[in-house]
Every structure is written in C-alpha cells, then in structure tokens.
Amino acid sequence: MTKIVVLVKEVPDAAVQKQVDSSTGRLDRSGEKTLNPFDTHAIEAALQLKESGALDVDEVVAVTVGPSSAVKALHKAVSLGADRSIHLTDDALVGSDVVGTGYALAELIKRESPDLVLAGQQSDDGQSYAVGAAVAEYLGWPGLTQVIKLDVDGQTLTCERQAEYGYDTVKVTLPAVISVGDAINEPRYPSLKAIMGAKKKPLESLSLGDAEIDASKVGEAGRKAVWTGSQEPPAKAAGELIEDEDTAETVEKIVAWLDDRKLI
Amino acid sequence: MSHDPTLNPGDVLGLDADLRDDEREVRDTTRRLVREKLLPNVAEWFEQATVPVELMREFGALGLLGLHLDGYGCAGASPTAYGLVCQELEAGDTGLRSLVSVQGSLAMFPIHRFGSDEQKDEWLPRMATGEAIGCFGLTEPDSGSDPGSMRTTARRDGTDWILHGQKMWITNGSIADVAVVWARTDDGIRGFVVPTDTKGFSTQDIHGKLSLRASITSELLLDDVRLPETAMLPGARGLGGPLTVLGEARLGICFGVAGAARACLEAAVDYARTREQFGKPIGAFQLTQGKLAEMVSRVAAAQLLALRLGRMKEAGTLTPDHVSLGKYSNVSSALEVARTARTILGGNGITLEYPVMRHAANLETVLTYEGTHEVHALVLGKALTGISAFT
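Residues numbered from 1 in each chain as written. Chains lettered and ligands numbered in written order. Predicted model: local features only at pLDDT ≥ 70, side-chain atom pairs only at ≥ 80, totals over all residues. Heavy atoms only, no water.

Enquirer: How would you sum up the pairing of strand β6 (residues 57-65) of chain A? Please name residues and give values.
Expert: All names here are of chain A. Within β6, eight of the nine residues are buried, which leaves it mostly tucked inside the rest of the structure. Here strand β1 (residues 2-7) runs beside β6; their pairing, made up of six bridges, is parallel. Its bridge partner being in β6, L7 is matched across the sheet by V63. Judged from the five bridges that link them, β6 and strand β7 (residues 84-88) form a sheet pairing that is parallel. Residue pairing across strands places A62 opposite S85, the latter belonging to β7. (Buried < 20%, exposed > 50% of the residue type's maximum accessible area, 1.4 Å probe, protein only. Helix = DSSP H or I, 4+ residues; strand = E, 2+ residues; numbered from the N terminus. Pairing = 2+ DSSP bridges.)

Enquirer: Outline a nonpolar patch on the surface, listing residues and values.
Expert: Taken together, the side chains of V251, V255, W257, L263 and I264 of chain A present a nonpolar region at the surface, about 470 Å² in accessible area. Note on placement: V255 of chain A falls in helix α6 (residues 247-260). (Patch = residues over 30% accessible without salt bridge, like charges linked within 9 Å, V, L, I, M, F, W, Y side chains within 5 Å. Areas by Shrake-Rupley, 256 points an atom, 1.4 Å probe, with all protein chains shown as cover. Salt bridge = Lys/Arg side-chain N within 4 Å of Asp/Glu carboxyl O.)

Enquirer: Outline the side chain of S143 of chain B, supporting the account with residue identities and numerical values.
Expert: Inspection of the secondary structure puts S143 of chain B in the loop between β3 (134-137) and β4 (153-157). One polar contact links the side chain of S143 of chain B to the main-chain carbonyl oxygen of D146 of chain B, over a distance of 3.1 Å. (Polar contact = N/O pair within 3.5 Å; in protein donor to acceptor, adjacent residues only side chain to side chain.)

Enquirer: Requested: an account of the environment of V181 of chain B, with residues and values cited.
Expert: All names here are of chain B. The topology assignment puts V181 in strand β6 (residues 178-185). Between the C-alpha atoms of V181 and V375, which are 194 residues apart in sequence, the distance is 22 Å. Setting aside chain neighbours within four positions, we find V181 in contact with G137, L163, K167, R190, G191, F192, V194, L220 and L222. (Contact = heavy atoms within 4.5 Å.)

Enquirer: Break down the sheet that holds strand β12 (residues 176-180) of chain A for me, citing the residues and quoting the values.
Expert: Residue and element names in this part refer to chain A. Sheet architecture is open: nine strands sit in the order β11-β10-β9-β12-β8-β1-β6-β7-β13, paired in mixed fashion. The strands lining the two open edges of the sheet, one partner per strand, are β11 (166-173) and β13 (203-206). Each neighbouring strand pair of the sheet contributes to a mean axis angle of 30 degrees, computed without reference to strand direction. Strand contacts of helix α2 (residues 71-80): β6, β7 and β13, with the helix running at about 165 degrees to β7, the strand carrying the most contacts. The strands touched by helix α3 (residues 98-112) within the sheet are β1, β6, β7, β8 (116-120) and β13, with β6 carrying the most contacts at an inclination of about 155 degrees. (Axes fitted to C-alpha atoms, helices over the stretch in contact; angles between N-to-C directions.)

Enquirer: How would you explain the packing of aromatic side chains if you had to name every residue and give the values?
Expert: Within the structure shown, the criterion is met by five aromatic pairs over all chains. Seen in terms of ring centroids, W161 of chain B and F192 of chain B are 5.2 Å apart; in terms of plane orientation they differ by 70 degrees. Their pairing is edge-to-face. Linking W161 of chain B in strand β5 (residues 160-171) with F192 of chain B in strand β7 (residues 188-195), this pair joins segments that are 31 residues apart in sequence. With respect to burial, W161 of chain B and F192 of chain B carry one shared label: buried. One residue, R261 of chain A, lies across the ring of W257 of chain A, its end atom 3.9 Å from the ring centre. (Phe/Tyr/Trp six-rings, centres within 6.5 Å; stacked < 30°, edge-to-face > 60°. Lys NZ or Arg CZ within 6 Å of the ring centre and 35° of its normal.)

Enquirer: Give me the lowdown on helix α5 (residues 117-129) of chain B, citing residues and values where you can.
Expert: Residues lying three or four places apart along an α-helix face the same way, a consequence of the helix completing one turn every 3.6 residues. With 13 residues, α5 of chain B extends 19 Å between its outermost C-alpha atoms, agreeing within 8% with the 18 Å of an ideal straight helix rising 1.5 Å per residue. Burial in α5 of chain B covers these residues: Q119, K120, W123, L124, M127 and A128 of chain B. (Expected span 1.5 Å × (residues − 1).)

Enquirer: Break down the interface of chain A and chain B for me, with residues and values.
Expert: Listed as interface residues are 12 residues of chain A and, on the opposing side, 22 residues of chain B. The contact between chain A and chain B buries some 1500 Å² in all, and 61% of this surface belongs to carbon and sulfur atoms. Three residues, Y189, L192 and M196 of chain A, lead the burial of chain A against chain B; their summed loss comes to 50% of the area buried on that side. Close ionic contact of E25 of chain B with K76 of chain A constitutes a salt bridge, the shortest N to O distance being 3.4 Å. (Buried area = accessible area lost by both parts, 1.4 Å probe.)

If you want it as structure tokens, here you go:
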C-alpha cells in the first residue's frame, strides 16, 4: 500500500494585487485567499496515480503550513479528492523562509512516512520554486522539479522533466519528492458533493509542539533569507500598434518590423 | 474624465461576503464549468435548437443533479448553494439551468419527497449521476395556469393503473427515462412515476421555438399506459403535490434569472466602455448611463431578493407567497435588463456573438413557465388583500 502526501499552500487570490509590506519585509497576504492553483496539479497527479492503479494508493494526504485561514485551502484540497489533511499552524511559524518552511514540512512528512511526496512547481505568491527541493533535502530523498510526466514501474518512477534546454528523463526510486509542472495534467473540477462534504473529512491541526518541531529553525528565529528592499521594474516603452486595414499590408508591416530586429 | 470603475457588475452589493465558504466554492466551480465548457458552445446549441444529452452525465459527475437533496448520492447542499448553481448556469443560458432544475427539482424532488422507498432506490441514485434523466408532466394542451382542469386520467384495472392523456411543454420529455406524471383519479390528482419505455408512452418534440432553444421541449402522449400499483407516488395527494414541487423549482428560477440579468449587465457595461461613437465610448453618453443605472439597480435587487429567499428557505420561513414575489419580481427585472442591454449593443445585440438577445428570448419563456407572471400577480394580490381574484 502506498501513501502520497501532497504539499499545498494558501495564497492570495490571483485577482489580488501582490506587494511586499515594507515594515515586515514579507508579502502582504491580506484579501481573498485560495488554494495555490499550482498545487491542484499535484493533487490531480496523486489522484491519477490512485485511480489508474499505477500505484496501489490507499491514501492521499494534503499537508500545509500556514495561518488559521489556511484551513480553507485544505478543504479545497479534500474537495478535489485528498482523503484527509494536516495543518501545521503556530505563531512561531510567522516569517518562515523557504528553508524553514521546507524543514517544517519535512518534519510533518516524517510523521506520515509516505512513499511519495508531490508538490506544485511554485506558489502563486512567494514563487520561490524551491520548497519541494528543500523538503527533499531535509528528508534525504531524491527530489525532482518541473516533472510533467510520471510513469510507474513498481517502486521506480520514470519522470520527464521540463528543462530550459529540452526534456530530461530521470528514474527515481521511492520514496521521493516530486514537484510537478502545470503541464502535467488538467486538474479536475471538485465535485459539489465533495465541496459540501469537505468539512467532514479528517483534518489534523498541529502546533510546533504537537509535531515536535524545533521552533528555533522556523519563523523569524530560523530565518536565513532577509528582505532588504524592493523597486518597481523599469517601465517598458509602449508597443507599436498596427491597425489592420488591409491584411496584406499588415502582414508586410509585421514582417518588416521583425526583420528590422533580426528576429526572422 | 475617465477612472477605473468602482462597482463590480458581477457582485454589486458584495453579497459574496454573505456566503459560506462551501457555497462560494460550489458557486465558483459552477461558474468555471459554465465559462470553460458551456459558454463556448451554447450559442451553437441555441442556434441548432438542441442541448447535448451527454451534459447530464457531466453534470451528474460534478454533483449538480439533485444537489439540494439528501442521500441517494446527492450532496445535501443548502437551498442557497442550489440557487447559486442555478444563478451561474442561467448566466450561461436558461436552457442549461432548466436542464438541471427539471432533473433536480421537478423530477428528483417529488420522488424524494413523495415517493416510496422502492421508487427512491430505483431512480434517485441513477438520476443523481445523470445516468437516468427525468421530466415532469403537469401542463396539458388545454390546462396551463389552471392545472385543476387537467384531463389526463389514471384509472384502476385490477391493481394496475391505466394512464391516458397528453402533457405539453415538457422540458427534457423526449430524452427522459422517467416521467413524473400527474393525473386525475377517483381519489383526486395523484402523481405517477412512469418509465418512458412503458408501452403506450411516446413523445413528440416541439419545434420552431424562438426561445429556450438550447433545451428540449416535448409533448408526452400517454395512450393507456399500464403501470403497476407501485407506480403511484404514495405521499402526494391533490394539487398540493405538484404545486409544492413547482415551489421548489421556482426558487431556482429566482436565482437563475438574476444570473441571466447579471450576464446581460456585464455584456452591456463592457460594450458601453469599448464601443465608440461620435468620438467617445457610448458609455460616456447620459442616455447609456441612465440605462446602465436602471439595469444595475434591477440586478442588485434581484440578487439580494434571491439570496434572501434562499436564507428564508433554510430558516423554514419561506412561503409560496415569497416564492411568487421572487419569481414575479426577478423574472420581469431580468427581462427588462436583457432588453435594455440589447439596445446598448445595437445591431451586435441581436446576434449570437453576444449573449443579450439569447437571454432576452429565453426570459420570455421564463416569464410564463412555472406559473405565469399574471398568476404570480394574483397570488401576491390575494396574499396582500386576502381576496382571491383567480376566477
């Protein structure tokens, strides 16, 4: 029997303007929040492994570290198909950086001893792309990122990674931590019945003490990354608008424009 | 002077804040379904006067069918959650909302409320998944607002029932696996669960509709349809049965038409801000702004009314008078909004490229189905004065 842990995160809704709070140096995460859309691909990947029988999955567990409001993200994860969820929440976690979050998640994962950990490629707010790798490091397990295809053969996973230069095919033996690219699948719609039933699925809420996590390694106390300042990206010059009055002429103009810049 | 808009036509009054998390999730999921899977195709379905039957399986898998019922594979959602689903579906098209509300409220609900355990076990789980489609037969060619005048009869033959008659304007009639048919018996009006493959049962689709085109409307012909004793709904006696069922469906209409109106307002605002005439957006003209102000008032009131009715239903304080008020007020508002939106969109407004004429045409049906505007006026008049003016 196989257990899959999926790492999830609550993030500000895509429509919310994101900015750094200069007094704390942290992202301002106020406003409407939702489940990190990239994580839905990890949940979908777990469910597909379970439903296809590729792995003999008996449980998919969603795990998050976050404030009390993050329960909503866990409800969403179980409404998508996770069997239960774990929420690590503690005031001492506030201000954790990627390394601290990775450590805390790894400790939670150890309690569950799953065979596979899946994560989204990035969070929609912090966008470090690195939590999965930090978790793998703390667990001492193989870690892969940007995986867009997963083939299972016993305890071996053949993964296709999307890299800047093309595709890597990598074999790993379970247990492993894999963050999936958003090209891996199309996440399903949560069933409305599952949404209504989400609050009834088991949700374990833990403090640092409950999970025996070292408070000095997380939050402000364990923080290694320090925000020093930010600036607006340089303004871009406005583009050139070509009115399409005569299509042949428009095409000529576009070709000339590209040609000028040695793009074709 | 031009600024960013400060009112969101999608939720003018910030009613989102009054919804529970699960209600919001249900709403958002349905909205996504409509945007991704239905809106890209609905104009074509409307033009071809059809709706794909396969949608029922998809809706079933998602849990839309019988959403507000308990057990039998249904989600047991709140009436408000069910209403919000109707609102989102009808923001797509009234035909899509009708597909779901006929299944859930008109066919599944009477079996759930009035049926025997055997009837429930046989039909509800399959109807919840969309494997079996249901329809509701009350209206007849000569019996509309006055259902008490129905001519369809059910007579005893030994322990069997023999149904004979004709039902008209039946949504999903020809694609149904089961029809909930109301008929006159020696014991008053009773409901029957009729498998549509029973000998003597046939249907004929109604063609040439200029409204509700993305929906199948049929006539049911019952030519001495022989049914076992167990086909009768044991819990419904008299006209109260079908009227209760219609009350259930009308709550979905109150929400649904608010969705259609919202879609029209959004289309009109978008168009008014981008369409230029006389060197400026038509939204910069006072006449257009006057129209938008009228529309947004109607939309906000309709949304507020629908939500209030949903909450009253949950609290157990909703009466048929309230539902009549909701249908009377919201349908006429939505129709007015759709027609006004059409004028803002000018010639574009009459095409299927834009949703407004489609909604306006659909709402003409909603104005008279499930209780005509006039009948609901009489209900309200009676409720206020204590004097019945029906006859």
